[in-house]
Structure formats: C-alpha cells, structure tokens
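What the coordinates show
So the chains spell out like this:
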Amino acid sequence: MIKPTLALIVAVVVLAKIVSTSAENILFLQTLSSKSHHIWNKQIIDRLYDNGHNLTILSFFEEKSIPGKTFLVAADFMGKIMAEYSDWDYTAEVDPFINIKQMYDYYSLASRIISEENAFLELLKYPKTFRFDLIVHDFTMGQFLLGLVEYFGNPPLVSVTAFNIPSYAITLADAPLMTTYMPHYTAEFTNRMTFIERVKNTLFWAFDIFYRSQVYMRGENSLSRKIFGQETTSLNAIEKRSDLILVNCDFSMDYYQPLPPNVIPVAGLHVFRKEDISPVIKQFIARANKGVILLSFGTIFATEMLGEQVNKAIMDVFRGMSDYGFIWKHGDPASLGVMPPNVLVLPWVPQAAVLSNQRTRLLISHGGLLSLQEASWYGVPVVAVPFFVDQQSNADKLERTGVGAKLLPKDINEENLRKSILKVVENESYRTNMKLRSQRFRSQPEHPLDRAIFWIEKVIENKGLGYLRSPGHDMSLVVLYGLDMIGVVLLVLLLVYSLLRKCAAKVSGQKSTKPSKSKKE
C-alpha cells in the first residue's frame, strides 16, 4: 500500500506534468472581421482556454482580457472596411472572374488596414524571444500576418478557416486539384459537369490561382517585408509549413474533394455554442400559429442595405402572412415604423437558438455557409438570397438537393418573396429532405469541435506534425511531376530509335552494294 506522503508526492508530480504539458502559449490570429467568423473561431479559442492554454488573440470584437486570455482588439474595423464600399450595388449579379478579383482585392484592402491597427502594432512590441508554442492563423485572408511565424522563432503553425475549403487550400496542403469534378466556389455547377462547364470551371480555377499568386500574394509579400524586413521568408513558403489545416466542410452536404491527412473537416463546430434566448423571443415563438420564420442576412450584410422599397416589400409580405410569426434581424428597427403583431424586429438574433426550436419553420438567409450549416444541423429548410463570394453556389446546392429555394436579390419584390416562402413551407418535401440532411450531418463519431481541439493539441504535443505534411512541398516541379523520369524515358527511346535507324540504314546499304548472282545458262 502506498503511504500518504508518497501518494502526495506522486499526485504533485502528475499534476506538475499535466500543467507543464497543457499551459502552452498560443497566438491566435483572426483575420476576417465578420462576427459570424469570429463566433466560429471563438469556439476554438474558448475550448483551448478551458483546457488550460494561454492565448493571445488578435481580434476585431471587444472582449475583456483575463489571465490566460489576452485580446488585442482592432475596434470598428468593419466600419473602416465598409467605408470603402459605400457605393456598392449589392443586388447586381457578378461574373465569376469579377467575383474572384473582388474577393482578393477585398483581402488586400483588409491587410493594409490591419497592418496599421494599434492591435497589430502592439503585437509587434512583443520581444522576438517571447515563446509561443503554437500559432493559429485564420488563413481565409491576412496572409501578411504569417510573417509573425518567423518573427517568433518558427513555432508550429495551424491554419483554420470557416470558409469551407478555400480554393487556395490546395496550395497549403498540396492537395490534388481535379477541375473536372471540383466546382470552383464561384461556379453554379455540380460535380457532374458538361464539357462546356468543365472548360469554364477550369478557367475559373486557373484565374483564381494566377490572380492569387501573381497579384494578391505579391502584395502580401511586399507588405510583410515592409513590416518584418526584406530578408523575411516568402509567405508562399511559410503557409506551406502548416502542420494542420482545419476546414469548414462536411461531405454529407459538400461536393467530393480528396484531402491530404493533415486537412481535417470540422464543419459544425460552432453549432452547439451557448446562446441566451430572451423571454420576448420565447413568447413570440410560442404564440405563432403555424410556427416562426427567421429572416437574417448574417453579420456582414443587412436587409437595410437593400433600400426602403425592398424593406417595405418584405414587411408587406410578413404582414399578409399573419398565421406565421416572423423574426427579422434588422440593424435599424425604428426605420420600419409600427410593427404588425406577427413581426418581431431585432438588431441581433440568437440564430442557433431560434433554429433549434421545433416551431421554427424556415430560415430566409443570405446563403452564408455558417448559417446554412446551422439550419442543416437543426433540419430547417431555407430560402437563400445570395449576394457574393460563395453564396451563389451555396444557394444552388440547396435547390439541387431539395432542401431550399433560391431568390436573387434583384428579383426581391412582394410577389416573388411570398411565392418563395410558401413554396418551401407548404411543401413538406423540403422539410423531409432537410431532416435527412440533418441526420447525415449529425452522424459523426465525435463533435466537430472535439475533433478540432484534439488535432490542435496533437500539434502542440508533438511540436508539429511534419510527418503529415506532403513531401511535395520540398520537391521541384520537375521531380514532383516526374518530368525527369519522363525525360530519361524519352531520351532512351530516342537513342534506341536512332540506333535502330542506323542499323536499318547499314543493313539497307549492304544489300544495295552486294553483287547480284547471274543466272545459269
């Protein structure tokens, strides 16, 4: 039997071991000022903190720093971004090539603004000797921030994104690109494309890769070297050091794409977050005769941006469907005037909590991926009104799988909106199909957040997961694609062909010079 004193010593040693292996310093670099993306990242941040890690977080949303969780906040960042887009026409349809260019131009603008923020400048005041055991980077954008990896002595790097599988994930992970069955996020194609669609899809991918490498990343490298010095390693090389890449996809509802072992799908990790739902909302949901319909266009876009005429049409539709209760996320409720009793307008809605209620019949959404994942998890069909980036393709997927309908922003009027709503809520097949989608989405061996944290902590524990990274990152294009082997084979064939020709020519020459035998008389 172990004596109490010995047991105490053992307990202290074990506790010390736990503390020494769990209280690592983590730098978490958020890059997108969208509140929905912040909510997604926050689930990872909070769980890492709960597990005993110390975090320094570059953020865009005010949170109070506490021991073990330090926030460096770039306040009103979204206001500075949107000021550059004051004349934007949100209802215009955008060509895929323009969509790609606008996205990277937006990223470049955001990087320039971040680099001038006090929050980032405060981070640069940390001594280079400060020990970070891990850097987590939201690789959706803000690639210039990767200069901090080298600045802090090259700790392991984990790249995360709430943006499905970005097209440039193939660069980070050396993942195979098959344009014949992998639709670009700007394309309205399925993974069964016609010849013309395959040609267009290949052109979209080619333009994306070209514009990112030759325009966007050149700008990011220039900005990085301006901040960290001209000798700073290329960001193209640093991003390929990612030991782990967490992507927000789930193949129960996303198109097939082959992924390397260090690319981990974690879609839905934000769904089970704790959200308070007010008594006002609870009572409103309970009173609705046929259930409630939620209208929310996410955290970047808002319905007030569509103008007074469209907002009036929306209100007229809601007022005329009195059997349903409508919860409307709107940044300026007072501008809508007096509300009918079946409409509740709020500047912020706990969306996941409302969608989890069994009386929620429909989500009218902008087609943002995070909102659609929440609706899919809880089995709520959708009417999607897509505006930009991946929202168009997200809306197309809903229609093709029979779990929702699409309504283009330019087509929003009282008649079209009412038809779209009734089409989905009065046809039970949409709800049945979404319940099946929900079942497939939920059928996982562990919660996606648990999976994300497991792999992040595995990177910390092993000081990197280099054995999962593709060896292709260290190969030249000649070696990677076997061009040297092909060259040798062609050379051998050429030599054999030359020898055979020489032999044939020699034999032919001998036959032509050999005297012919005269016939016997």
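No experiment lies behind these values; they were computed from the predicted model shown.

This paragraph deals with the overall build of the chain. Counting secondary structure elements, the chain contains 19 helices and 13 strands. In terms of overall dimensions, the chain has a C-alpha envelope of 125 × 75 × 55 Å along the principal axes. Counting every position in the chain, which comprises 521 residues, the buried fraction comes to 50%. Put simply, 67% of the contacts in the chain that link residues at least 6 apart link residues at least 24 apart. Just so you have it, the chain exposes about 25,500 Å², and 58% of that area is on carbon and sulfur atoms. Of note, the chain has its 56 positive side-chain charges centred 9 Å away from the centre of its 51 negative side-chain charges.

This part is about a nonpolar patch on the surface. A grouping of M475, L477, V478, V479, Y481, L483, I486, V489, L490 and L493 is seen on the molecular surface, where their side chains present a nonpolar patch of about 970 Å² in accessible area. For the nonpolar patch, the secondary-structure elements that each account for two or more residues are α18 (477-480) and α19 (483-513). It is α19 that contributes the most residues to the nonpolar patch, five residues altogether. Relative to the elements of secondary structure, I486 occurs in helix α19.

Most of strand β8 (residues 292-296) sits out of view: five of its five residues are buried. Where β8 meets strand β9 (residues 325-329), four bridges bridge the pair, whose relative direction is parallel. Each residue of the ladder has a partner; that of L294, found in β9, is I327. Handedness of the β-α-β unit built from β8, helix α11 (residues 308-320) and β9 comes out right-handed. By the bridge criterion, five bridges tie β8 to strand β11 (residues 360-365) in an arrangement that is parallel. The partner of I293 across the bridge, within β11, is L362.

The six strands lie next to each other as β10-β9-β8-β11-β12-β13, forming an open sheet whose pairing is parallel. The two strands at the open ends of the sheet, each matched to only one other strand, are β10 (343-346) and β13 (404-406). Strand-to-strand, the axes of this sheet are offset by a mean angle of 15°, without reference to chain direction. Two elements, β9 and β10, share four bridges in a ladder whose sense is parallel. Paired with F326 across the bridge in β10 is V343.

Another aspect to go through is the confidence of the model for the chain. Here the chain averages 90 in pLDDT, while 93% of its residues score no lower than 70. Taken together, the stretch residues 6-21 has pLDDT below 50 and engages in one contact with residues farther than four places along the chain or on a different chain.

Taken as a whole and assessed by the stated rule, the structure comprises 28 aromatic pairs. On the numbers, 5.3 Å between centres and 70° between planes, the contact of Y126 with F130 is edge-to-face. You can call Y126 buried: its relative accessible area is 18%. According to the relative accessible area criterion, F130 is partly exposed, its value standing at 30%.

Turning our eyes to something else, we now look at helix α17 (residues 448-461). With 14 residues, α17 extends 20 Å between its outermost C-alpha atoms, agreeing within 8% with the 20 Å of an ideal straight helix rising 1.5 Å per residue. Looking one or two residues beyond α17, the residue adopting positive phi is K463, at roughly 55°.

A few words now on the sheet that holds strand β3 (residues 69-73). Here seven strands make up an open sheet; going across it, the order is β3-β2-β1-β4-β5-β6-β7 and the pairing parallel. On the outer flanks of this sheet lie β3 and β7 (263-265), each paired with one strand and no other. Averaged over all pairs of adjacent strands, the angle between their axes in this sheet comes to 15°, without regard to strand direction. Relative to strand β2 (residues 54-59), helix α2 (residues 35-50) is tilted by about 165°, and along the sheet it contacts β1 (25-29), β2, β3, β4 (134-138) and β5 (157-160). Set on the sheet, α17 makes contact with β1, β4, β5, β6 (244-247) and β7; between it and β6 the angle comes to about 165°.

Here we take up the nonpolar core. In terms of nonpolar packing, the biggest core is built from 58 residues, with I81, Y107 and L148 touching the most fellow members. Here this core gets nine residues from one element, more than from any other, and that element is helix α4 (residues 96-115). Beyond its immediate sequence surroundings of up to four residues, L148 is in contact with L27, L29, F120, L123, L124, I135 and F228. L306, F318, I364 and V424 belong to the second-largest nonpolar core, a separate cluster that totals 30 residues.

Residue placement: R198 occurs in helix α8 (residues 195-228). Look at R198 and you get partly exposed, because its relative accessible area is 31%. Measuring from C-alpha to C-alpha, the distance between R198 and M141 comes to 27 Å, with 57 residues separating the pair along the chain. Setting aside chain neighbours within four positions, we find R198 in contact with T180 and M193. A distance of 3.3 Å separates the side chain of R198 from the backbone oxygen of M193, its partner in a polar contact.

The final tally for this structure, using the stated rule, is 23 salt bridges. K406 is the salt-bridge partner of E188, the closest N and O atoms lying 3.7 Å from each other. With E188 in the loop between α7 (169-173) and α8 and K406 in strand β13, this pair connects stretches of sequence that are 218 residues apart. Under the relative-accessibility criterion, E188 is labelled partly exposed at 38%. Take K406: its relative accessible area is 22%, and that puts it in the partly exposed class. The structure contains a network of salt bridges with shared partners spanning K42, D46, E63 and K69.

So, how was this worked out
- The residue numbers shown here count from 1 along each chain, following its written sequence.
- Totals for whole chains, interfaces and linings use all residues, but because this is a predicted model, local features are given only for residues with pLDDT of at least 70 and pairs of side-chain atoms are given and counted only at 80 or more.
- The side-chain numbers reported here are obtained from all heavy atoms of the structure, hydrogens and water having been left aside.
- Going along the chain from the N terminus, every DSSP run of H or I of four or more residues is numbered as a helix, and every run of E of two or more is numbered as a strand.
- Only protein chains enter the calculation, and the probe is 1.4 Å; a residue is then buried if its accessible area is under 20% of its type maximum, exposed if over 50%, and partly exposed in between.
- Contacts are assigned to residue pairs that have any heavy atoms within 4.5 Å of one another.
- Values of accessible area rely on a 1.4 Å probe in the Shrake-Rupley scheme; residue burial ignores everything except the protein chains shown.
- The convention is simple: Lys and Arg are positive, Asp and Glu are negative, and His and the chain ends are not counted.
- For the purpose of locating charges, the reference atoms are NZ of Lys, CZ of Arg, CG of Asp and CD of Glu.
- Excluding any residue in a salt bridge, patches collect residues exceeding 30% relative accessible area, merging like charges within 9 Å and nonpolar Val, Leu, Ile, Met, Phe, Trp and Tyr side chains within 5 Å.
- Here a salt bridge means any side-chain nitrogen of Lys or Arg lying within 4 Å of a carboxyl oxygen belonging to Asp or Glu.
- What makes two strands pair is DSSP finding at least two bridges between them.
- Note on handedness: a crossover is taken as right-handed if, strands pointing away from the viewer, the path from the first strand over the helix to the second is clockwise.
- Axis definition: a line fit to C-alpha positions, over the contact stretch in the case of helices; interaxial angles, taken between N-to-C directions, run 0 to 180 degrees.
- Values of pLDDT, which run from 0 to 100, indicate the predictor's confidence residue by residue.
- Stacked, edge-to-face and tilted are the three classes for Phe, Tyr and Trp ring pairs, Trp counted by its six-membered ring, which pair at centre distances within 6.5 Å; planes under 30 degrees apart are stacked, over 60 edge-to-face, the rest tilted.
- Any helix carries an expected span of 1.5 Å times its number of residues minus one.
- The term nonpolar core refers to a set of buried residues drawn from Ala, Val, Leu, Ile, Met, Phe, Trp, Tyr and Cys, joined through side-chain atoms within 4.5 Å.
- Counted as a polar contact is a pair of N or O atoms within 3.5 Å, where, for protein atoms, one must be capable of donating a hydrogen and the other of accepting one, and residues adjacent in sequence contribute only when both atoms are in side chains.

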